[in-house]
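As a plain string of letters, each chain reads:
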Amino acid sequence: MDSARMPTSPPDDVRTTAPRSRALATEAVHAGRDDLARQGLHAPPIDLSTTYPSYDSRGEAARIDAFAATGADPDGPPVYGRLGNPTVARFETALARLEGTEAAVAFASGMAALSAVLLVRGSMGLRHVVAVRPLYGCSDHLLTAGLLGSEVTWTDPAGIADALRPDTGLVMVESPANPTLAELDLPAVAHACGSVPLLADNTFATPVLQRPAEQGARLVLHSATKYLGGHGDVMAGVVACDEEFAGRLRQVRFATGGVLHPLAGYLLLRGLATLPVRVRAASATAAELARRLAADPRVARVHYPRIGGAMVSFEVHGDPHEVIGRVRLITPAVSLGSVDTLIQHPASISHRIVDADDRRGAGVSDRLLRLSVGLEDAEDLWADLDGALGERAEAIPLREALARTE
Ligand SMILES: *Cc1c(COP(=O)(O)O)cnc(C)c1O
């Protein structure tokens, strides 16, 4: 390259730092953007092309053949939007770096990502899935209903090894789990899986708090709709994994069409830049709220993971629906991981689709509320929660006493 004609290019030695040596906070800001300065760009370009013109149809045939063989990202232009997209690829590169995997493959939603994993394994004749409850409600439903032809065996972590069959294609867990925040010993679970791929849904922890691939998970799933996007305005899913599995996932994505829109890819890449800061700030507030909830007589039980995080679940003595109806600053809504604090009642919404007995058996009590703590001031959030929890238990006898004297 003639650097005299490229005044924006950095000297050749500028990028000599091996990417693997960079800390997570640095990767979050720079991964997927390493080529930008050389191109004289600062913000990543958004490529909205659905097709890519080429006068060389022999070359196109070769690229399609190569993709059909390995599922590797095509060299050069992607041919067609369902094979790949350069803006989405930036997000995939960045997320793979954060999770410490070779590759990542993005989808239109977290459920599309999980579906692609099940289709990859099912197409190999490995239709049996071993899973540990609780999982996110729709993940539970997808497996229980066998919508994609899979068959599930539910077990506790200690039962995984015994539940494996010759046709077991996947072991699926969440840690911390949605919505109880139950945690698993991931290395022990991975060991129990033997050669069967372990899928860990890392939506709640994010790579800021936990990198399951380093603990033996072959597949790391995210509902990127949550913390990765981080602002409640993009729906997406992603699987971080080795390049071999990523190739299979790209082939399934191409064949079934659950692609991520390039604008969503752009927003996710932007979201990743602030992920470590957002997760750490919200986690500090969540830990404080968990402490206050645990000390509050109106609260029966608080669930907060050992690894921390911005999710808090708690069971109230009173009616959980009343609490939802009384929040004012906190948004009563399903989903999580946004800059604003959300609260919802899992038995009514996120886990409604799970059979009530299975749900309760997994520890999802009817009195459980799930709080996704955002970036608001902790005192403001506590004031809202305090009001929403209603009268303090010790105040009730006084009120009753007053009523009786009237
Ligand atoms: C939301 C969620 C999903 C599903 O993701 P979508 O983007 O809504 O399809 C999967 N796993 C967990 C833990 C979730 O919270």
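What counts, and at which threshold
- Residues numbered from 1 in each chain as written.
- Predicted model: local features only at pLDDT ≥ 70, side-chain atom pairs only at ≥ 80, totals over all residues.
- Heavy atoms only, no water.
- UniProt positions renumbered as here; feature names shortened; annotations may be inferred.
- Helix = DSSP H or I, 4+ residues; strand = E, 2+ residues; numbered from the N terminus.
- Rg over C-alpha atoms; globule rule 2.2 N^0.38 Å.
- Buried < 20%, exposed > 50% of the residue type's maximum accessible area, 1.4 Å probe, protein only.
- Contact = heavy atoms within 4.5 Å.
- Areas by Shrake-Rupley, 256 points an atom, 1.4 Å probe, with all protein chains shown as cover.
- Salt bridge = Lys/Arg side-chain N within 4 Å of Asp/Glu carboxyl O.
- Pairing = 2+ DSSP bridges.
- Axes fitted to C-alpha atoms, helices over the stretch in contact; angles between N-to-C directions.
- Parallel < 35°, antiparallel > 145°, perpendicular 65-115°, else oblique.
- Nonpolar A, V, L, I, M, F, W, Y, C, P; charged D, E, K, R; others polar.

- The name given to the protein in an unreviewed UniProt entry is PLP-dependent transferase, with Streptomyces griseicoloratus as the source organism.
- As its UniProt record puts it under Sequence similarities (unreviewed entry), the protein is described as follows: "Belongs to the trans-sulfuration enzymes family."
- Under Cofactor (unreviewed entry), UniProt gives the following word-for-word description of the protein: "pyridoxal 5'-phosphate".

### Comments concerning the overall build of the protein
So, step 1. A tally of helices and strands in the protein yields 14 helices and 12 strands.
So, step 2. Computed over C-alpha atoms, the radius of gyration of the protein comes to 23 Å, within 12% of the 22 Å expected from 2.2 N^0.38 for 406 residues, which places it in the range of a compact globule.
So, step 3. The principal-axis extent of the C-alpha atoms belonging to the protein is close to 90 × 55 × 35 Å.
So, step 4. Counting across all 406 residues of the protein, residues that qualify as buried make up 50%.
So, step 5. The long-range share in the protein, meaning contacts at least 24 apart out of those at least 6 apart in sequence, stands at 70%.
So, step 6. Entry remark: accessible area of the protein is about 18100 Å², with carbon and sulfur atoms responsible for 55%.

### Topic: the pattern of salt bridges
So, step 1. In this structure the tally under the stated criterion is 24 salt bridges.
So, step 2. Between Arg165 and Glu151 there is a salt bridge whose closest N-O contact spans 3.0 Å. Within this pair, whereas Arg165 is found in the loop between α6 (160–163) and β4 (168–174), its partner Glu151 is found in strand β3 (residues 151–155), the two being separated by 14 residues in sequence.
So, step 3. Across the pair Arg306 and Glu183 runs a salt bridge, and its minimum N-O distance is 4.0 Å. With Arg306 in the loop between β8 (299–303) and β9 (311–316) and Glu183 in the loop between β4 and α7 (186–193), the pair connects residues that are 123 residues apart, well separated along the chain.
So, step 4. On the accessibility criterion, Arg306 (75% relative accessible area) is exposed.
So, step 5. On the accessibility criterion, Glu183 (24% relative accessible area) is partly exposed.
So, step 6. One network of salt bridges, in which partners are shared, links Arg22, Glu27, Asp34 and Arg97.

### Some points on the pairing of strand β2 (residues 128–132)
So, step 1. Most of β2 sits inside the fold, with five of its five residues counted as buried.
So, step 2. Residues His128, Val130 and Val132 line one face of β2 and the alternating positions Val129 and Ala131 line the opposite face, and both faces are buried.
So, step 3. Pairing analysis gives five bridges linking β2 to β3, with the strands arranged parallel. Residue pairing across strands places Val130 opposite Thr153, the latter belonging to β3.
So, step 4. Pairing between β2 and β4: four bridges, direction parallel. In the strand pairing of β4, Val129 is matched with Leu170.

### A look at the packing of helix α4 (residues 110–122) against helix α9 (residues 243–256)
So, step 1. It is the contact of α4 with α9, at a shortest axis distance of 9 Å, that shows an interaxial angle of 105°. Considering their axes alone, α4 and α9 lie roughly perpendicular with respect to each other. Counted together, Ala116, Val117, Leu119, Val120 and Arg121 of α4 and Phe245, Arg248, Leu249, Val252 and Thr256 of α9 form the full contact between these two elements.
So, step 2. Across the contact of α4 with α9, the residue classes break down as seven nonpolar, one polar and two charged.

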